[in-house]
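Chain by chain, the residues run as shown.
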Amino acid sequence: MAAILICISHSFRLAAALVLKELAIHAPTAFYSKTSQSTLGHGGSNDFLDFIFKAVRDPQPIVRACAADALSQCLKILMERQHLSLTALLCQVHFSVMEGFEYEPARKSWTALNKSEVSLHGSLMVVGTMIAHTGDFMLPRYDEVCKKTMEFMNHPKALIRLEVIRLLPRLARHCPRVYARRYLEDSLEFLLRSASTAPQATVDLRPSAFGAIGGLVLAMTDADTGAVFGGSSSPTIKIIDNPEGPGHWHTVELSETGIIFQKLDVIFGLVSTGLNYRSSDAPKTTSDMHIAAFHCAADLVEALGDLAQPYVTRLINDMFRTGLSNDLIQCLHAIADCLPGHQSIIEDRLLQEVSYCLAGIKSARDVCDPLISLRSAQLPDGKSVGIATSSEAIPDLRAPSQDDSPQTPRVSINMSANPEVVDDLVLSLQTLSSFGDSMGRVTTFGAVVPLLPFVQNVAAKYLSHPSSDVRRAAALTCCLLLVPPRMIRNNRLGRHSGRIVQDILDSLLRVSISDRSPAVRLCVVRALDARYDPFLCQAHHLQSLFLLLQDEMLATRAAGVRLLGRLASLNPACILPYMRKFLLVLIVELQCGVDTGRGREEATRLLVVFLRHTSLQRLVQPVLPAIVESLPLNGGTPRLASAALEALGELARAAGKSLFPWVKDLVPSILETLQDQSSASKQRISLRALAQIAGSTSYVIQPYIDYPQLLSQATDILPGTKRAPWTLRREVIRTLGVLGALDPDRYHTVAPKARKGGAVGGAYFVVQDDFEVSKESTEIEKSRAVTGKSIQPRVHSGEMDDDLPAHLSMYEQYSMVAQPVSSLPPARRMTPDHEEFYPTVAIQALMRIFKDPSLALHHGMVMQAIMFIFKSLDLLCVPFLSKVVPHILQSIRTSGPSNLRESLLKQVATLSKMVREHLRPYVADIFDIVEEFWPSRHLETIFSLVLHIANGVPDEFRRFVPRLIRRILTNLDEMQVADWATAGPKSNKDGRKNRETERLCLILDNVKSLSLKGVLGEYLHVLVPALLKLVDSMVQALANVNGSNVDWVTGSDLTKLTVLALKTTSALLECDGTGIGVRPVTLYWGEKSGSDIRSGSLSSRVVQPLIRLLGENYWSNRTVGKAIVKTLCVCAKQLGRTTWMKLYHDVARAAISQWQRRVGQEVRGLSQGTLEMYPVTPEDTNLSGIQIYDDLIKELLASPFQRSYNSPHICDGISPLHRPGVMDQQPTFKDNFGISATFDATDAFENPISPPSMILIQKSKQKINESKLKEAWDVSNLSSREDWDNWMRSLGIELLREAPSPALRAAASLAGTYQPLARELFSAAFVCCWKELSEANRENLIQSLKYAFDADVSPEILQTLLNLAEFMEHDPSGGLPIDIPILADLALKCRAYAKALHYKEREHNMGGENSCVESLISINRKLDLQGKVILAFACRFTDVVH
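Keep in mind that what you see is a predicted model, and the values were worked out from it rather than measured.

Focus: the overall build of the protein
Each helix and strand counted, the protein has 71 helices and eight strands in total. Taken over 1442 residues, the protein has a buried fraction of 51%. On the protein, roughly 68500 Å² of surface is accessible, and the fraction owed to carbon and sulfur atoms is 53%.

Here is the structure:
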């Protein structure tokens, strides 16, 4: 890097010099290794000093200055290290400097002269560096350097003279006694001449000369006596060079007085001239000349002391002519400290300047003196002190008035936003805050007056100034002067003063809550210190202080928690209930927040602040388990994890030994964080948390035993070679001290994992595998716990398989085959007379298909059929839910096609709407599915399902709301709205824009719908900030889209989304403090009680961001702006008339007016084509934002009997939650931009695609079409087996279609595509239709069946008909009217011997022929019955026959 200094390029040299300077500052050790070697008489090279003087003598002044700075840092490092070759290095630098002084060009060309000047300037800068850093090294060379410097005082180059001017005070400060005797007179003459000479070039030497004069005189002060060399009136010795032998002979002269004493008149006259300097080119009143003259005067007074007394009065007058400035106040403070006798004069004049700047009056006495106020009140014309507000310049009142008659003082408040005026006002307010004694009094014009009236009538008026800097300064001033410390200690605040304090305190609280600037709000809250606690703890102030916890900024909320925690000790009855609610809010935010956003981290940091206050710690015990479980100790970001560990430590201090049950679960997380070496702060916080837990719960010594790695992890940080910061090592020492000491022998006995392997000390150890150690330790512990003895290693069973006895193997095989006897009761036979027969048969048959994965093709129709059955049954379907719902949920998880999953989700949503609270046992499984498929394309159906569950099972739904909220917040946080405005057209090739915008619309619509259900009441404070963040990002994106050509997203799309987000926010606000069984808070807009204010406090979280958005100048969208105004109106209704008018009305109306003016100007300049970008409703065209707001204010201020609850300018006059039928109907906004606000109104979920036969089912039986059935069973045209198979198939399907039971009809469509279903339900469908047939049709059907018995049909058909006959025998209404012999022969024909045996026995019992006996014997033989049974049976019948 140093080699670059010799490059020709000036930019390279400049960069190299800057880099070398930073290296010397931030890497001194590495830099020292390259600069500690001297080349003077020793050979070798110095990587820095060999090249730095190339840059010191660069033609560019900026390069020379940066190189001198780098050399200065190098000398500082060398002096700190004190190397052996330090003197040689300094001599090398000194010789290089002298070479630059003595450089004489061989030719007197312009280039050579310029090079000489450059070399001279560089050497002068290096001299200043050596004087500052080399200490006593320059003493032997002091005269040499001073003489060389003095030689260039008359150099023609202004830059050289400027460097000499800067160098002279440094030389004088290095050795003041020598300098005063030899060089003071010449240098002072040179400086006075330079300060009085007008500039003839671009460089003005006068400001530097003024500074050098003050610095020179101040440098002449004797450190021992305090006297000024050359400043006394007594004779003074002066040493000058003898002209005959310059440099070798000196002449000593004795002057009558000191040179400084002789020049006092000249010096102070010159300073006065500089203070009275006015430049036509300088726009500012206070120029560089004035600033230099200020500091010169302060240095002169500090150095001369009483010698400056005759000049101070005139000096002060001249200084005040320049106006107020920071330099003026600083110098006046210095003069007052040196000359206490002039302090009253300075304060009086300063107060006059402040009074003029702030109030336009000559003196603050006109406002503060009660006697003047009394005389003004007794004037004949009745005039009194008046206050006027003006944005124009204040007339000059400091000029003498011609009229000495008493006149009424009139205070003029300057509301101008001019930057120069703002700077003056801020400085005046800051200066005012420094006045007053411990009782709040000030002395002016010889009278002692209180400052409190001035604060009330002047300073407090600037709390409403347009500039945030002025408001901040005014707030600080009021806080400092309002309550003097001694007055509070003595309790001497009178009634009138108390009213003034209360009024100003109300104004301060208004600013702290509703000011548009976050810095102003934070400043006010922090400035309300303990002096104000007796006032702030009153109930009427607490209602406003509670709103601080809803501030937009985290720092303000934290300051509010600190303030309320301090006040809780004074008024716990009013504060603790609200703080308990606030603690619950923090817990909910920790449970529902996402790791990627800032909400969870902010809640954690607020919890830290909450737990640090002793007065609030009593609230922790009841909710301690919830706090411990909700802490994100393993947070996704390091900041979140660190904040959680800090909160855990504070929780340990607050809970004490109550935290002990969770210690074993918390310490592992702490040790895991301790292993993270990427962040020293995380390690330090984890150690502190461990120490706090150990100290609070008395969990000491034992952590070493429970966690053997703890000691090694902590001690590894201690060695200095680890380069761990001292703060971390100090925390390790503190933690080890809290944990205590443990016997080393016991430690290594109980903690074998702590034994280190490899070389440790003077021995080597075998490294043990962690798995072996843990396994061995586990076995040892188990053996000790059970038997108290150690156990032998177990032999694996595989090694003894060949030696096992045979009976053991036989037993294992037997036990594997044996099955336990079922304890379930036998299955109950159902008959068609049971009411649930047909639904049970149909559902069981359908579910067998649904459970078969190979039949996934038919699962969709199965679900349609089941849902058709459930709709027909209505609540009678509840007993069947356990057989259907679990399998549906399992299929949703395992189904492959997304269309099938979509259909199943829709059916579950429809089912949840039908059965409502009866779906309670399955809500947990449903929410598991919701979370699993939330990122998929089924979000619309999932939201429909969630809405139905929230409507049907609201109490059970609330258990799962945190999981739903976490998903919604994750989606809102992942929305990259900022990228929408910067992405190009290629970014939307995959439809990403459509998916994201549609997903966002869906989320916003359904969040609004859920809020209307009343189930989100406890989580609004989590959703509303996320929505506000979304609105903020979309407004910024909208501004970017309007200013650029982006095809990815249009301004119309962003406008719709922004308006929808604002309307969703409004809906959430209207539900704040409401819920099931809770009285609404929006019906009465006027006075509110404390509880009502708390219920609407969430609205204050919304007001600040919306006002900030209205005040920003980078966007102008009429539609979005009016939506913001309407949201503000909702906030006003929620907060109530008193709170809104007191805290927010002025700020909100000013912001709306500002936005209205800005939009109005820009709209007039837009073309018609631009206006078409934003959809504008007729209502928006007719009404402005300020009119909408004013109409609401009229409603608020009107009496309760005159209010209208349906304002035409606000979306909803009354909260939709409390309208009749709102739980069944979800209202939409008036200008919904085509975005659906409800899913319940659509038929897509409730009426899935179904076959034509699926019509609306009633609970009563359906009539059958006998003609169609007759056509189906007609057998006149059948001849082949294929014809009979088609006949059987069509008959089964037609029986299902015409069945009076809706359950059977629902399966007809599926039976048409899946024949086994029709065959399984044939008997049930036949019986169902048989009961509705006429006698003639029954006979016709029996004839067709008999014809089928004799025809050439397949055995499957005959078997089906036999099953039908057997089924109908169990029907109490009677079986089929077919003769038993026919059925018996049919059974034998089908080889259904069991049925044949049954029918033959019935035939024999009815007196059948002898052939029945033979048939029975044949059937029993074919059934393989025992021979003696057959013989006895044959004998019996033979006897009967004979």
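Let's talk about the state of the cysteines
Overall, the coordinates contain zero disulfides when judged by the stated rule. In this structure Cys1328 is a free cysteine whose sulfur lies 5.6 Å from that of Cys1329, the closest cysteine sulfur available. Classification of Cys1328 as buried rests on a relative accessible area of 7%.

Some points on the packing of aromatic side chains
Enumeration over the complete set of coordinates arrives at 14 aromatic pairs. Between Tyr179 and Tyr183 the ring centres are 5.7 Å apart and the planes differ by 50°, which places this aromatic pair in the tilted class. Note on accessibility: Tyr179 and Tyr183 belong to one class, buried. Considering the side-chain rings of Phe927 and Phe960, the 5.0 Å spacing of their centres and the 10° angle between planes classify their relative orientation as stacked.

What about a negative patch on the surface?
A cluster of acidic residues, Glu420, Asp423, Asp424 and Asp469, forms a negative patch at the surface. At three residues, helix α20 (residues 419–432) tops the list of elements feeding residues into the negative patch. Tracing the backbone through its elements, the reader meets Asp469 in helix α22 (residues 468–482).

As for the confidence of the model for the protein
Close inspection of predicted coordinates is inappropriate for parts of the model with low pLDDT. Mean pLDDT for the protein: 76, with 71% of residues reaching 70 or above. Counted against residues more than four places away or in other chains, residues 393–408, with its pLDDT under 50, gives 19 contacts. Counted against residues more than four places away or in other chains, residues 784–819, with its pLDDT under 50, gives seven contacts.

A short note on α22
Here α22 spans 20 Å end to end across 15 residues, near enough to the 21 Å set by a 1.5 Å rise per residue. Listing the buried residues of α22 in full gives Val470, Arg471, Ala473, Ala474, Ala475, Thr477, Cys478, Cys479, Leu481 and Leu482. Check the buried side of α22 and you find it contacts α20, α21 (452–457), α24 (495–514) and α25 (518–527). The N-capping residue of α22, defined by a side-chain oxygen 3.4 Å from the backbone nitrogen of Asp469, is Ser467.

Quick look at the nonpolar core
With 416 residues, the main nonpolar core has Tyr179 and Trp1140 as its most contacted residues. When residues of this core are assigned to their parent elements, the largest contribution, 14 residues, is made by helix α51 (residues 1020–1042). Apart from the residues lying within four places of it in its own chain, the contact partners of Tyr179 are Tyr142, Cys146, Met150, Leu168, Leu171, Ala172, Leu184, Ser187, Leu216 and Met220.

Quick notes on the side chain of Gln683
By secondary structure assignment, the location of Gln683 is in helix α34 (residues 680–697). Judged by relative accessible area, Gln683 falls into the buried class, the value being 8%. In this structure Gln683 touches Thr673, Leu674, Asp676, Gln677, Ile717 and Leu728, once residues within four positions along its chain are discounted.

Topic: the pattern of salt bridges
Summed over all chains, the structure comprises 37 salt bridges. Taking the shortest distance from any N to any O, the salt bridge between Arg166 and Glu163 comes out at 3.9 Å. Note that Arg166 and Glu163 are positioned in helix α8 (residues 158–174) at a spacing of three residues, about one turn of the helix. Where Glu731 meets Arg734, a salt bridge forms, and the shortest distance between an N and an O atom there is 3.1 Å.

Examining the packing of helix α3 (residues 49–56) against helix α5 (residues 86–101)
Where α3 meets α5, the closest approach of the two axes is 11 Å, and the angle between their N-to-C directions is 25°. Here α5 runs roughly parallel to α3, going by the angle between their axes. The crossing of α3 and α5 is right-handed. Residues Leu49, Asp50 and Phe53 of α3 form the contact with α5, whose own contacting residues are Leu89, Gln92, Val93, Ser96 and Val97. Split by residue class, the contact of α3 with α5 holds five nonpolar, two polar and one charged.

Some thoughts on the packing of helix α43 (residues 881–894) against helix α44 (residues 898–915)
At a minimum axis distance of 9 Å, the contact between α43 and α44 shows a crossing angle of 150°. In this structure, the crossing between α43 and α44 has a hand that is left-handed. For the pair formed by α43 and α44, the contact residues are Leu881, Val885, Ile888, Ser891, Ile892 and Arg893 on the first element and Arg901, Leu904, Leu905, Val908, Leu911 and Val915 on the second. Each residue belonging to the contact of α43 with α44 can be placed in one class, and the counts come to nine nonpolar, one polar and two charged.

Brief notes about the environment of Ile160
Along the chain, Ile160 turns up in helix α8. Judged by its relative accessible area of 1%, Ile160 is buried. For the pair formed by Ile160 and Val118, sequence separation is 42 residues and the distance between their alpha carbons is 9.0 Å.

Comments concerning unusual backbone geometry
Of note, the phi angle at Ser698 is positive, near 60°, even though the residue is not glycine. Its location among the elements puts Ser698 in the loop between α34 and α35 (702–706). With a relative accessible area of 45%, Ser698 lands in the partly exposed category.

Definitions and cut-offs
- Residues numbered from 1 in each chain as written.
- Predicted model: local features only at pLDDT ≥ 70, side-chain atom pairs only at ≥ 80, totals over all residues.
- Heavy atoms only, no water.
- Helix = DSSP H or I, 4+ residues; strand = E, 2+ residues; numbered from the N terminus.
- Buried < 20%, exposed > 50% of the residue type's maximum accessible area, 1.4 Å probe, protein only.
- Areas by Shrake-Rupley, 256 points an atom, 1.4 Å probe, with all protein chains shown as cover.
- Disulfide = S-S within 2.5 Å.
- Phe/Tyr/Trp six-rings, centres within 6.5 Å; stacked < 30°, edge-to-face > 60°.
- Patch = residues over 30% accessible without salt bridge, like charges linked within 9 Å, V, L, I, M, F, W, Y side chains within 5 Å.
- Salt bridge = Lys/Arg side-chain N within 4 Å of Asp/Glu carboxyl O.
- Lys, Arg positive; Asp, Glu negative; His and termini not counted.
- Charge placed at Lys NZ, Arg CZ, Asp CG, Glu CD.
- pLDDT = per-residue confidence, 0-100.
- Contact = heavy atoms within 4.5 Å.
- Expected span 1.5 Å × (residues − 1).
- Polar contact = N/O pair within 3.5 Å; in protein donor to acceptor, adjacent residues only side chain to side chain.
- Core = buried A, V, L, I, M, F, W, Y, C linked by side-chain atoms within 4.5 Å.
- Axes fitted to C-alpha atoms, helices over the stretch in contact; angles between N-to-C directions.
- Parallel < 35°, antiparallel > 145°, perpendicular 65-115°, else oblique.
- Left-handed = near helix turned anticlockwise from the far one by under 90°.
- Nonpolar A, V, L, I, M, F, W, Y, C, P; charged D, E, K, R; others polar.

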